[in-house]
Amino acid sequence: MGLQPLEFSDCYLDSPWFRERVRAHEAELEKTNKFIKDLLKDGKNLIAATKNLSAAQRKFAHSLRDFKFEFIGDAETDDERYIDASLHEFSNFLKNLEEQREILALSVTETLIKPLERFRKEQLGAVKEEKKKFDKETEKNYSLLEKHLNLSAKKKEIQLQEADNQVEQNRKHFYELSLEYVCKLQEIQERKKFECVEPVLSFFQGLFTFYHQGYELAKDFSHYKMALQINIQNTRNRFEGTRSEVEELMNKIRRNPQEHKRANHNTMEGYLYVQEKRPAPFGSSWVKHYCTYRKETKKFTMIPFEHRSGGKAGDGELFILTYCTKRNVDTIDRRFCFDLESSDRPGAPVTMQAFSEEDRKLWMEALDGKEALFINLNKANAKQEGSAQLDKIGFTLIKKCISAVETRGINDQGLYRVVGVSSKVQRLLSLLMDAKTCNEVDLENSVDWEVKTITSAMKQYLRSLPEPLMTYELHGEFIIPAKSGSPESRVNAVHFLVHKLPEKNKEMLDILVKHLANVSKHAKRNLMTVANLGVVFGPTLMRPQEETVAAIMDLKFQNIVVEILIENHEKIFKTLPDVTFPESISMSVSPPNAPPRQSRRQGQRIKRPLAVYNLCLELDDADSHSSPKDDTPTGSMDSLSSQSPTPVLSSSPPGLLDRNHLIMDSRDLADWTTNLWLWGKTATTEFPCQMHPVPCTFLLIQMASLGRCLKFWSKPFINGFVDEHPMHQPSCHQHCTI
């Protein structure tokens, strides 16, 4: 039950029950006053905490803005550039959010703190003053009444009458004050409801406005976030591809370091200990130097370097070598020594010590030293070259394979990524490369040769050429435009360079790329988008002459070049390049900027899927697989040959997803799920790895239109498309990657 009302008539009676009701009202106002006091304290603490949070958020934003990733090599892909710019975008997002938070902090002061302080001071404070007056008048009234009642009846009548008048006037004043106090009490009891709650409502309105602004910022940021997710996924896919190749190169060098020595202008280089003679009786000291020698100019350079001092290098010394002589142990109390004499200090040889006898032999051979054994250091990293040639038989082989693929298997899922059995591939290749049996092989009508065997044979032929189809000479020039510039400038550069290829190479490339363009048109069925074809044929059509880590880092740009060829086949091969296009293609063109965040109200957002799928397919057969070097992990799902952020869903069930298509309603989603299950069921295969006897594939599909995540579990059906590449061997446990 609430407070009982204070009746004005009770003020004249001033009964104990009236006084009890007044005290109840006074206690309620005191509780309200304490509540407002605590609320003001908490509100001020909230403002202080909000300011501290804002300062911490801004500091965090500054840290994001000031950091920049470094990259390996001389250029980045568009995906990597967008990832680099993302930290700055995150910083701007937090900055905009904190601006709204500052507005919230100011609104708390104006809408909550000040109104409550004003109500507490003006209204509750006034009631307190009225209470003091009421209590004072009560004490005065009843004291005077007691004094009046104690007057003797023997007093004169006039004195008694004056006393009665005084008591009556005081009683009237007391009643008037009591009426005003009761009225004020009940007024404040009613006023406090809206005077207290209205500022709180205003505070929450400001809070809702802040969260709504955050929601709007997040909504504006949404399309950038989705684009960044695809950039990250593409970069992760390329990382997986290059990591295994780097490890393979590392293992090759570990097994035989000398055979994988990098080709450079120095004939020989490495660490040697140089004898520095001192005056007697101090003897001599041996100081480690990094030495280089160029045989053409006979220039020998020595740089003192001590690893233990933090890798500090001293001043180098350069001289022209005159001769080199081996030192035997009977002439010096150290092993592996030899003498060098320079042209500017004849007769004053410098004694050097190698790390081992083998190391000394290498230096002696490079320096043309006496008693040196001949070891060819500069031999090329000889790779076994097949008998494949770019001749009439080669053209016939490619045309027969292409005709068979387009007749029989243009819609086969994983075309060119699913590898054939190694023994069958080699047998078919030997028949096609033999002039006597080439014309007898019927690939279009024979069931003896599977489509995957034909595609693997064609790729094996291209990799067996003495020189890649796009030549060693132009390899670096093809890579340069893929690293920078606008989409149009990239196409123009590749167009120009294609016409610099030898005529046979250009003709063969024309035939092949025309076919790949046709394959990409059937991507809804065969799942081979332009990006997937770039991953498969990038390392097949292009490869560096020297196998190094830097060359492996350029694999992603090889894929981009092949994507450009496929997407612009008609222009590149059917028209002549611009004669004004400069032959020297530089990398000075500024890289494309990251896509700005854009509100839906400002313009239509670019449609793109929320996730990229990384499905790999590894098919088993009774016979052995092709060489492990035919396997490559799934690469970029988004074609990087253009600057457009629109991706290609390369690994979705046939006939369901187009380049820019999203599942927008429940009916489409149900159809998609059904077809996904059927698609997986038709691709069921035995898991080839003993480490994973029970395969399963988990697809996490993020649907932007539904605003939630839907998880689909399918029966064990696939373990991934086998991508191909001459230097890659993925493990069989790769699964779909969002």
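Note that the coordinates shown come from a computational prediction; the quantities given were computed from them, not determined experimentally.

## Thoughts on the overall build of the chain
Next, step 1: A tally of helices and strands in the chain yields 17 helices and nine strands.
Next, step 2: Long-range pairs, those at least 24 residues apart, make up 74% of the contacts in the chain between residues at least 6 apart in sequence.
Next, step 3: Accessible surface for the chain amounts to roughly 39,600 Å². Of this, 54% is attributable to carbon and sulfur atoms.

## Considerations on the nonpolar core
Next, step 1: Ranked by size, the top nonpolar core spans 62 residues in total, and within it Y461, F478, L509 and F537 carry the most contacts.
Next, step 2: Residues contacting L509, with those up to four places away along its chain left out, are L469, M470, V498, L501, L541, L565 and F573.
Next, step 3: The next biggest cluster of nonpolar side chains, apart from the first, holds 34 residues, and it includes F18, V22, F134 and V182.

## Some thoughts on the pattern of salt bridges
Next, step 1: For the coordinates displayed, the defined rule picks out 30 salt bridges.
Next, step 2: R81 serves as the salt-bridge partner of D78, at 2.7 Å between the closest nitrogen and oxygen. Of this pair, D78 and R81 both sit in helix α3 (residues 78-149), separated by three residues, roughly a single helical turn. Across the pair, exposure class does not vary: D78 and R81 are buried alike.

## Some details on the packing of aromatic side chains
The way to describe two aromatic rings as a pair is by their centre distance and the angle between their planes.
Next, step 1: Evaluated as defined, the whole model comprises 19 aromatic pairs.
Next, step 2: Seen in terms of ring centroids, F203 and F204 are 5.3 Å apart; in terms of plane orientation they differ by 75°. Their pairing is edge-to-face.
Next, step 3: With relative accessibility at 12%, the residue F203 sits in the buried group.
Next, step 4: Relative accessible area serves as the criterion here: at 35%, F204 is assigned to the partly exposed category.
Next, step 5: Centroid distance F204 to F208: 6.0 Å. Interplanar angle 50°. Geometry classified as tilted. Residue F204 and its partner F208 are both found in helix α4 (residues 157-255); the two are separated by four residues, about one turn of the helix.
Next, step 6: Since its relative accessible area comes to 48%, F208 is described here as partly exposed.
Next, step 7: Here the aromatic cluster, defined as three or more aromatic residues joined through ring pairs, consists of Y12, F134, Y142, F174, Y175 and Y181.
Next, step 8: Seen from the ring of Y271, K288 lies directly overhead, with NZ or CZ sitting 5.3 Å from the centre.

## Section: the pairing of strand β6 (residues 337-342)
Next, step 1: Summarising burial for β6: six of the six residues are buried, a large majority.
Next, step 2: Both faces of β6 are covered, namely the face carrying C337, D339 and E341 and the face carrying F338, L340 and S342.
Next, step 3: Two elements, β6 and strand β7 (residues 350-353), share four bridges in a ladder whose sense is antiparallel. For L340, the partnering residue across the bridge sits in β7 and is V350.

## Considering unusual backbone geometry
Next, step 1: Within the chain, D14 stands out as a residue other than glycine whose phi angle is a positive 50°.
Next, step 2: Among the secondary structure elements, D14 is positioned in the loop between α1 (10-13) and α2 (16-66).
Next, step 3: The class for D14 is buried, based on a relative accessible area of 12%.
Next, step 4: Phi is positive for L527, which is not a glycine, with a value near 65°.
Next, step 5: Within the element layout of this structure, L527 appears in the loop between α12 (523-526) and α13 (530-541).

## Re the pairing of strand β3 (residues 299-306)
Next, step 1: Where strand β2 (residues 284-294) lies against β3, six bridges are found, and the strand directions are antiparallel. Note that in β3 the partner of T292 across the bridge is T301.
Next, step 2: Linking two consecutive strands that pair antiparallel, namely β2 and β3, is a turn of four residues; a positive phi of about 60° is found at K298 within it.
Next, step 3: By the bridge criterion, four bridges tie β3 to strand β5 (residues 317-326) in an arrangement that is antiparallel. Bridge assignment links M302 to a residue of β5, and that residue is E317.

## Quick word on helix α8 (residues 451-464)
Next, step 1: Over its 14 residues, α8 extends 20 Å from the first C-alpha to the last, a length consistent with the 20 Å expected when each residue adds 1.5 Å.
Next, step 2: Burial analysis of α8 places 14 of its 14 residues in the buried class, which makes it a mostly covered element.

## Here we look at the environment of E245
Next, step 1: Relative to the assigned elements, E245 resides in helix α4.
Next, step 2: Classification of E245 by relative accessible area gives buried; the value is 2%.
Next, step 3: Taking the C-alpha atoms as reference points, E245 and M553, separated by 308 residues in sequence, lie 9.6 Å from one another.

## Focus: α13
An α-helix turns once every 3.6 residues. As a result, residues three or four positions apart point the same way.
Next, step 1: Within α13, twelve of the twelve residues are buried, which leaves the element mostly enclosed by the surrounding structure.
Next, step 2: Those residues of α13 lying buried are V530, A531, N532, L533, G534, V535, V536, F537, G538, P539, T540 and L541.
Next, step 3: In this structure, the buried side of α13 is in contact with α8, α11 (503-521) and α15 (555-567).

## Description of the side chain of Q353
Next, step 1: Assignment of secondary structure puts Q353 in strand β7.
Next, step 2: The buried category is assigned to Q353, whose relative accessible area is 11%.
Next, step 3: Once you skip the residues sitting within four places of it in the chain, Q353 turns out to touch L272, Y273, W286, R334, R335, F336 and C337.

## Section: the confidence of the model for the chain
Next, step 1: The predicted model of the chain has a mean per-residue pLDDT of 76, with 73% of residues at 70 or higher.
Next, step 2: Model confidence for the chain, summarised as mean pLDDT per element, is weakest for strand β8 (residues 698-703) at 33 and strongest for α11 at 94.
Next, step 3: When the criterion is pLDDT under 50, residues 372-386 qualifies, and its contacts beyond four places in sequence or with other chains add up to 20 contacts.

## Focus on the environment of M508
Next, step 1: On the secondary structure map, M508 appears in helix α11.
Next, step 2: Between the alpha carbons of M508 and D391 there is a distance of 10.0 Å; along the sequence they are 117 residues apart.
Next, step 3: Those residues in contact with M508 that sit more than four places away from it in its chain are L390, G394, F395, I398, Y461 and L469.

## Considerations on the side chain of E341
Next, step 1: Counting through the fold element by element, E341 comes out in strand β6.
Next, step 2: Among the polar contacts made by the side chain of E341, one reaches the side chain of Y323 at a distance of 2.7 Å.

What counts and how
Residues numbered from 1 in each chain as written. Predicted model: local features only at pLDDT ≥ 70, side-chain atom pairs only at ≥ 80, totals over all residues. Heavy atoms only, no water. Helix = DSSP H or I, 4+ residues; strand = E, 2+ residues; numbered from the N terminus. Contact = heavy atoms within 4.5 Å. Areas by Shrake-Rupley, 256 points an atom, 1.4 Å probe, with all protein chains shown as cover. Core = buried A, V, L, I, M, F, W, Y, C linked by side-chain atoms within 4.5 Å. Buried < 20%, exposed > 50% of the residue type's maximum accessible area, 1.4 Å probe, protein only. Salt bridge = Lys/Arg side-chain N within 4 Å of Asp/Glu carboxyl O. Phe/Tyr/Trp six-rings, centres within 6.5 Å; stacked < 30°, edge-to-face > 60°. Lys NZ or Arg CZ within 6 Å of the ring centre and 35° of its normal. Pairing = 2+ DSSP bridges. Expected span 1.5 Å × (residues − 1). pLDDT = per-residue confidence, 0-100. Polar contact = N/O pair within 3.5 Å; in protein donor to acceptor, adjacent residues only side chain to side chain.

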